[in-house]
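# Chain and residue survey
Here is how the chains run, residue by residue.
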Amino acid sequence: MSEEINKNKNKNKYSADSIQALEGMEHVRKRPSMYIGDVGVRGLHHLVYEVVDNSIDEAMAGHCNEINVSINEDNSITVTDNGRGIPVGIHKKEGVSALEVVMTKIGAGGKFDKDSYKVSGGLHGVGVSVVNALSDHLTAKVYRDGKIWIQEYEKGKALYPVKTDGKTDKTGTEVTFRPDKSIFTEFHDYSYETLSNRMRELSFLNKGIVLSITDKRTKVDGEFVSETFKSNEGLKEFIRFLDENREPLTSDVISMEGEKKNIPVEVAMIYNTSFSENLHSYVNNINTHEGGTHLAGFRRGLTSTLKKYADSSGMLDKLKFEIAGDDFREGLTAIISVKVAEPQFEGQTKTKLGNREVNSAVSQAVSEMLENYLEENPNDAKIIVDKVILAAQARHAARKAREMVQRKTVMSGGGLPGKLSDCSEQDPELCEVFLVEGDSAGGTAKQGRDRNFQAILPLRGKILNVEKAMQHKVFENQEIINIYTALGVTIGTEEDSKALNLEKLRYHKIVIMCDADVDGSHIATLILTFFFRYMKELIENGNIYIATPPLYLVKKGAKKQYAWDDNERDKLMEEFGQGSTIQRYKGLGEMNAIQLWETTMNPEFRTFRKVTIDNAVEADRVFSMLMGDEVPPRREFIEKNATYANIDV
Ligand code: 0RA
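Residues numbered from 1 in each chain as written. Predicted model: local features only at pLDDT ≥ 70, side-chain atom pairs only at ≥ 80, totals over all residues. Heavy atoms only, no water.

## Examining the packing of aromatic side chains
Counted under the stated rule, the structure contains twelve aromatic pairs. Between Phe530 and Phe531, the ring centres sit 5.5 Å apart and the planes meet at 55°, which makes this aromatic pair tilted. Across the pair, Phe531 and Phe530 agree in class, each one buried. Consider the rings of Tyr545 and Phe608, whose centres lie 5.9 Å apart with planes at 50°: the pair is tilted. Linking Tyr545 in strand β20 (residues 544-547) with Phe608 in strand β24 (residues 608-610), this pair joins segments that are 63 residues apart in sequence. Overall, Tyr545 belongs to the buried group, its relative accessible area being 12%. On the basis of relative accessible area, Phe608 is assigned to the buried category, the value being 18%. Feature note: the residues Phe475, Tyr484, Phe530, Phe531 and Tyr534 constitute an aromatic cluster, connected by ring pairs. One residue, Lys170, lies across the ring of Tyr143, its end atom 4.5 Å from the ring centre. (Phe/Tyr/Trp six-rings, centres within 6.5 Å; stacked < 30°, edge-to-face > 60°. Buried < 20%, exposed > 50% of the residue type's maximum accessible area, 1.4 Å probe, protein only. Helix = DSSP H or I, 4+ residues; strand = E, 2+ residues; numbered from the N terminus. Lys NZ or Arg CZ within 6 Å of the ring centre and 35° of its normal.)

This is the structure:
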């Protein structure tokens, strides 16, 4: 009797659990953004990262050295690895196979394998069940114990219990999923480039693993487009890749790898002849765009060690002022990668590491690494300290320029730039400012705009290439001063020039409007480079946009329509039939005020592209390449991509 009751109890418990699981999966489908960030391009690609992360975990546990991603013809994705294979035996508590638990229970992840070292995990560590919930079809194949095991799911629900599907002598896991179009309503096409960049990045962050990607949608010379990445030197190679278009100051990358306070820390860095600072930080293979305690620890270790060395070397004796934190990082490219068991992510995009203990772990690691290096390489040490002193001197010399910008921006007494045609609206959230190349296009924009909420700031010709200019040149540049004052953005102290004050930002939409040709895109890139290096927060906060003026006007009689690319133009020509004419806009200046308003500025009809730095590593490389000394790759890039497909989404 009592046994009977207990059985029932268990039964109820089991079904209650499974109801909960179901609810979990339904919750994912109802609120996908809570799990994968968004349901746009980013979320779509996030699904792949989530599945690959599971295989990376298996590799980090030492059981797998090959991971492949295929983009299939129907835009489904297959991820395979040669690990142990997800266990298929019956999970005691759940009464179904472990595979089914992993695939259908939210947060089941690797819970039944506590001892293995699991730190990778997706951005939110949500696990493959989330991918399953958001796929209209998913097939899991497991190669294990001499057999192939298979289970299929729809929208996260198993279609049948796991079954065998033949024999094998391999081991591993193969997951094929097709994102549900009723969830990913706008974007379904995977970007080979985005996924390939991620695979390359993962190969640098996890040396020794062979990561490959194949695009089964595209053939070149009869073969699918495919790449294989394997890094033997890890972060060292990553630094060389990042600095491909920069000139190194020292002969090799400085690097270290080890464990501090139980936290695996890897650091690599090099100084180059540029004036920009390029720090990239990772936690469990995730790029922490907003930095955090690991980055703070890196800065602390770097500053204190270099300062100590410079002081004791006597090189600073003649310097009459203090060296500031910024000075140690001018022309520095560095990557910090830590593995944290229970990472706490903070910040707007949840990409800022909060764990306090990581700060001193990284700081110690960096100090030790640098102390050794400086001691063993006195020539490099001198080059580095010289560079730091030069940066400090330049900063000191730039004081006047900086103070001028500060005065003009901090105190509104300086007034707005004369060239700015401001709008009448006072609420920044509703205000837009168009940065327009050239005075004549500026004039047209001024006539065409809605002066209630749209302001126009004309910029003269090519603006300064900040990638190649020292800081004081940047702060002395009139066009750049105009941007600061018009936007109401104030700059930080001399010690920390990157600290911006955005409280008084006067417009929440800042729109770069340039000609739709190669010159125009070059100018847009120069302006973007300035924002990227000096006002990155504005990009991160989603304040920067690019206007997209049309390329053609197709006319027939009274009928006229705009076209933004050759495809659209041809369609319109066909639609309008015999006797239609084309007008090609070579620049904004060729449009009249009404046309410019209709096509490019009117919120009802325009399309803006929001500038994002989804991939900071790629953005950094692109900017250094576009704006650096190496002319051939820049020309090639600009010619190939008149727009900056790599930078924005
Ligand atoms: C837990 C235990 C075991 C394997 C895995 C997880 C595993 C998960 C994934 C996800 C993608 N590929 C994977 N490969 C393996 C195996 C435990 C054992 O065999 O003893």
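Next, the rest of the story.
## Things to note about unusual backbone geometry
If you check the backbone angles, Asn75 has positive phi at about 65° while not being a glycine. Position of Asn75 among the secondary structure elements: in the loop between β1 (66-71) and β2 (77-81). At Asn262, a position not held by glycine, the phi torsion is positive, near 70°. One can find Asn262 in the loop between β10 (254-260) and β11 (263-271).

## Focus on the site of the ligand
Surrounding the ligand, one finds twelve residues, the nearest of these being Glu58, Asp81, Arg84, Ile86 and Arg144. Here a nitrogen atom of the ligand and a side-chain polar atom of Asp81 are 2.7 Å apart. Contact distances for the ligand include 3.1 Å between an oxygen atom and a side-chain N or O atom of Arg144. Isolated, the ligand exposes 450 Å² of accessible area, and the fraction of that covered by the protein chains is 80%. Per element, the largest residue contribution to the shell around the ligand is three residues, and it comes from helix α3 (residues 41-60). Of the residues belonging to the shell around the ligand, the class tally is three nonpolar, four polar and five charged. (Near = heavy atom within 4 Å. Polar contact = N/O pair within 3.5 Å; in protein donor to acceptor, adjacent residues only side chain to side chain. Areas by Shrake-Rupley, 256 points an atom, 1.4 Å probe, with all protein chains shown as cover. Nonpolar A, V, L, I, M, F, W, Y, C, P; charged D, E, K, R; others polar.)

## Things to note about the pattern of salt bridges
Tallied over the entire structure, the rule returns 32 salt bridges. Note that Lys236 and Asp252 form a salt bridge whose closest N and O atoms lie 3.4 Å from each other. On the criterion of sequence distance, the pair formed by Lys236 in helix α7 (residues 235-242) and Asp252 in the loop between α7 and β10 is long-range, its members being 16 residues apart. Of the residues examined, Asp252 reaches a relative accessible area of 30% and is grouped as partly exposed. Across the salt bridge formed by Asp327 and Arg395, the nearest N and O atoms sit 2.7 Å from each other. (Salt bridge = Lys/Arg side-chain N within 4 Å of Asp/Glu carboxyl O.)

## Here we look at the state of the cysteines
As enumerated under the stated definition, the model contains zero disulfides in all. Cys423 forms no disulfide, and the closest cysteine sulfur to it belongs to Cys431, at a distance of 3.7 Å. (Disulfide = S-S within 2.5 Å.)

## Observations regarding α3
Look at α3: 28 Å from first C-alpha to last across 20 residues, which is about the 28 Å you get at 1.5 Å a residue. When you tally the buried positions in α3, you get 15 out of 20 residues, the bulk of the element. Once α3 ends, the next one or two residues include Gly62, with phi positive near 90°. (Expected span 1.5 Å × (residues − 1).)

## Considerations on the sheet that holds strand β17 (residues 432-437)
Pairing is mixed in the open sheet, where five strands are placed in the order β18-β17-β19-β20-β24. Sheet topology places β18 (454-459) and β24 at the edges, where each strand pairs with a single neighbour. The mean angle between the axes of side-by-side strands here comes to 30°, regardless of whether they run parallel or antiparallel. Across five bridges, the pairing between β17 and strand β19 (residues 509-513) is parallel. Bridging across to β19, Leu435 finds its partner in Ile512. Where helix α14 (residues 478-487) meets the sheet, it contacts β17, β18 and β19, and its direction lies at approximately 165° from that of β18. (Pairing = 2+ DSSP bridges. Axes fitted to C-alpha atoms, helices over the stretch in contact; angles between N-to-C directions. Contact = heavy atoms within 4.5 Å.)

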